[in-house]
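Chain by chain, the residues run as shown.
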Amino acid sequence: MTTLSGIQLRRRWLWLYGLIGLLVTFITALKVLEVVATTQPSQSIGRGTEYLLDSQHSLNIESILRDNKLAWETEQSNQLSFGMPDATLWLKAQLPNLDNRDKWLLEVDYALLDELEVWFFAGDKLLSDYVTGDLLPFRSRDVSAEKFLFPVPASQSPLNVVIRTRTSGSLKLPLNLWNADQYLVHAGEHNLLMGSFFGLLAAMALSNFFFFVTTRHSNFLVYCGYVLFLSLTLLTLHGIGYKYFWPNNIWLQGHSVVLFANATMLFAVFFTRELLQVKSHSQMMDRGLLICGALYLTGLLLSLMLPYWLMIQTFLVLLMGTVVFVCGLALWLASKGIAIAKLYALAWFTLLLSALIASLENLDVIDLSISSHYLLMVGALIESILLALVLAITYNEQREATYIAQGRALEQEIHSRELQEKAQEELEYNVQERTLELEIALRELSEKNQELEERNTQDALTGIRNRRYFDKKYIAELRRSRREQTVLSVAMLDIDHFKSVNDKYGHLVGDECIKAVAKLIQDHLRRPADDVCRYGGEEFALLLPNTDTEGAVLLLEQIRQMVENTPISSQAGTIPLTISGGVASEIIASDSDEMSLLGKADQALYQAKQAGRNQICHHSQESSHV
């Protein structure tokens, strides 16, 4: 059994591993920012650049070059970020003098532009032009890179660049001039960093998936889904997804950010709900998380149909509200003494801070010296590590609680066994005494039950079986016929004009007549399996197992003749009687046969009466008489 000291030691090691992982994460994050901040292009093109927003989408390169009356504006920042306008952006700038001995690249450091056209001019002479963007397959790009790269043509005179771009999301156009050799070094470092980052996320997702497979703990699977879609979101933001995973799927590239982002938050909300066991603490908070999950699921589905610009703005607003709500929830749970809630609040605060900065930058509220995508990447990495630590701590505490509960249950079971063995000895002695008494009582009760059953199934007037017995025996014979596929015949007999006998001689004489007819019928039955029962009043029912129609009609005809030839002696004198009968015979094959057999016999009896009485009819498809 696990000791308390062992549990505490395991918990300390878990916290140590978590802190080491968190330290590595912070170091990685600092390295990301260091690489981004120190690896700078030869020159950034931003402040002083002229730009024009064409809200009518009516301008072209000819009108841009010839129309001197256009209202160009001058950019005051280096980021060239314009929020989310429904307009085409035109930009023109003069490139600095470049050393023609080197190769130069113009970089658009933003991967999510739908349409992008670039023209290089030396005076009025067009040197080169390029058309690209996410509305074209990835292979259409002149340089196969995640960001947009354009070779700068060599020229002895100053170069001018004109750029046209349009997109359904954030309209940003950060421009950098790179020496080609310097860019190769930068790309190598950047790709190594990106590979390490996404490799870490992939390892976290894969390890948690294996934890789910081995433990069947659903939180591991939900966390795995969260990390997976978070990785896909960041891959899309950095242009890596379009380059490596769906280079020919233009539709997916146009919707991937909002699709993956909604899926990420959907998993995050349900991960929060399950991990913190919110429902057990507050029904209202739990309902709030369910509403958030429903909104993200709705956003995911609507993203398949509605414009990207509308869904991304809606998502950013919903994201801010959700992260604030989750942080508040975690702090509230922490105030109630739930230890992991503090760590959980820290994780979401990290994401909140990075997402807030990214949202403000995308909405053109603030300017950053580096892309907000890198800050979002750092925040997501730190949050993922912290959430993994919280998940591990929660699972460890649940396992420890299980061990402790198992230990207590084992002690209680041992104590219970001792008490049970003692009680068992006393019980066995008492049982032996009571068993003998019970056997005697059961034997007496069985005899009484048999006697009572016999009385309950016997007709008080005639001494033959009654209607209750017939109902049970009828069902049993139906089942035997169906099981053994043997013919079962059912007959209904009725004393003719019995009402006139009662009216003329009285009920006591009528009872004597019923008893006499019952005895005649019973005496004429030779097989033990055949039964006659008083069905009601002057009516009798016969069960004739393994008897076909011909045999049943023959038997009933003999009974009919005997009754006709045997007048009944009574205190009122000799009374002649006749009977009418109906027979139905079938091999039971279905439930409908079971329900209809007795009705067919009764119908045949009705036919006999209609035909003049004192005769036997059998049921057939043509309702023929015998």
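Let me sum up the structure you'll find in this document.

Analysis parameters
- For every chain, the first residue of the written sequence is number 1, and numbering continues from 1 onward in sequence order.
- In keeping with the predicted nature of the model, local features appear solely for residues at pLDDT of at least 70, side-chain atom pairs appear and are counted solely at 80 or more, and the whole-chain, interface and lining totals rest on all residues.
- Where side-chain values are given, they derive from all heavy atoms of the structure, hydrogens and water being excluded.
- Each helix corresponds to a stretch of at least 4 residues labelled H or I by DSSP, and each strand to a stretch of at least 2 residues labelled E; elements are numbered beginning at the N terminus.
- Here's how the labels work: a residue is buried when its accessible area is under 20% of the maximum for its type, exposed when over 50%, partly exposed in between, all with a 1.4 Å probe on protein chains only.
- The arc refers to the directions leading from the helix axis to the C-beta atoms.
- By definition, residues are in contact when any of their heavy atoms lie within 4.5 Å.
- For helices, the axis comes from a line fit to the C-alpha atoms of the stretch in contact; other axes are also lines fit to C-alpha atoms, and the angle between any two N-to-C directions lies between 0 and 180 degrees.
- Orientation labels follow simple angle bins: below 35 degrees gives roughly parallel, above 145 gives roughly antiparallel, 65 to 115 gives roughly perpendicular, and whatever is left gives oblique.
- Two helices cross in a left-handed way if the nearer one is turned anticlockwise from the farther one by less than a right angle. They cross in a right-handed way if the turn is clockwise.
- Following DSSP output, two strands are said to pair if at least two bridges run between them.
- Note that Gly is not counted as nonpolar here; it falls among the polar residues with everything else outside the nonpolar set of Ala, Val, Leu, Ile, Met, Phe, Trp, Tyr, Cys and Pro and the charged set of Asp, Glu, Lys and Arg.

### Concerning unusual backbone geometry
Part 1: With phi around 55 degrees, Asn546 is a residue other than glycine that occupies positive phi space.
Part 2: Locating Asn546 in the fold gives a position in the loop between strand E13 (539-545) and helix H15 (549-565).
Part 3: By relative accessible area, which is 56% here, Asn546 ends up exposed.
Part 4: Unusually for a residue other than glycine, Arg613 sits at a positive phi of about 70 degrees.
Part 5: Secondary-structure assignment places Arg613 in the loop between helix H16 (591-610) and strand E17 (616-618).

### As for helix H13 (residues 498-505)
Part 1: Of all the positions in H13, only Phe498, Val501 and Asn502 are classed as buried. Looking straight down H13, one finds its buried side chains confined to an arc of 95 degrees; they lie on one side. More than 90 degrees from the buried face of H13, the exposed residues found are Lys499, Asp503 and Lys504.
Part 2: The inward-facing, buried residues of H13 abut strand E11 (487-495) and helix H14 (507-524).
Part 3: Where H13 terminates, the next one or two residues include Gly506, which has phi positive at roughly 100 degrees.

### Quick word on the packing of helix H6 (residues 250-275) against helix H8 (residues 283-302)
Part 1: At a minimum axis distance of 8 Å, the contact between H6 and H8 shows a crossing angle of 160 degrees. By the angle between their directions, the pair H6 and H8 is classed as roughly antiparallel. By crossing handedness, the relation of H6 to H8 is classed as left-handed. Of the residues in H8, those touching H6 at Leu259, Asn262, Ala263, Met265, Leu266, Val269, Phe270, Thr272 and Arg273 are Asp286, Leu289, Leu290, Cys292, Gly293, Tyr296, Leu297, Gly299 and Leu300.

### Here's the deal with the sheet that holds E13
Part 1: Pairing in this open sheet of five strands is mixed, and the strands run E12-E13-E11-E16-E17 from one edge to the other. Looking along the sheet, the strands with just one partner apiece sit at the ends: strand E12 (531-536) and E17. Along the sheet, successive strands turn relative to each other by an average axial angle of 20 degrees, direction set aside.
Part 2: With seven bridges joining them, E11 and E13 adopt antiparallel strand pairing. Bridge pairing in E13 links Ser489 to Leu544.
Part 3: Packing against the sheet, H14 makes contact with E11, E12, E13 and strand E16 (579-587), and its axis sits at approximately 10 degrees to E13.

### Comments concerning the packing of helix H3 (residues 180-215) against helix H4 (residues 218-237)
Part 1: Orientation of H3 relative to H4, taken along the N-to-C sense of each, is 160 degrees, at an axis distance of 8 Å. By the angle class used here, H3 and H4 are roughly antiparallel. Between H3 and H4 the crossing geometry is left-handed. On H4, the residues touching Phe197, Phe198, Leu201, Met204, Ala205, Asn208, Phe209, Phe211, Phe212 and Thr215 of H3 are Ser218, Phe220, Leu221, Tyr223, Cys224, Val227, Ser231, Leu234 and Leu235.
Part 2: Considered class by class, the residues forming the contact of H3 with H4 number 15 nonpolar, four polar and no charged.

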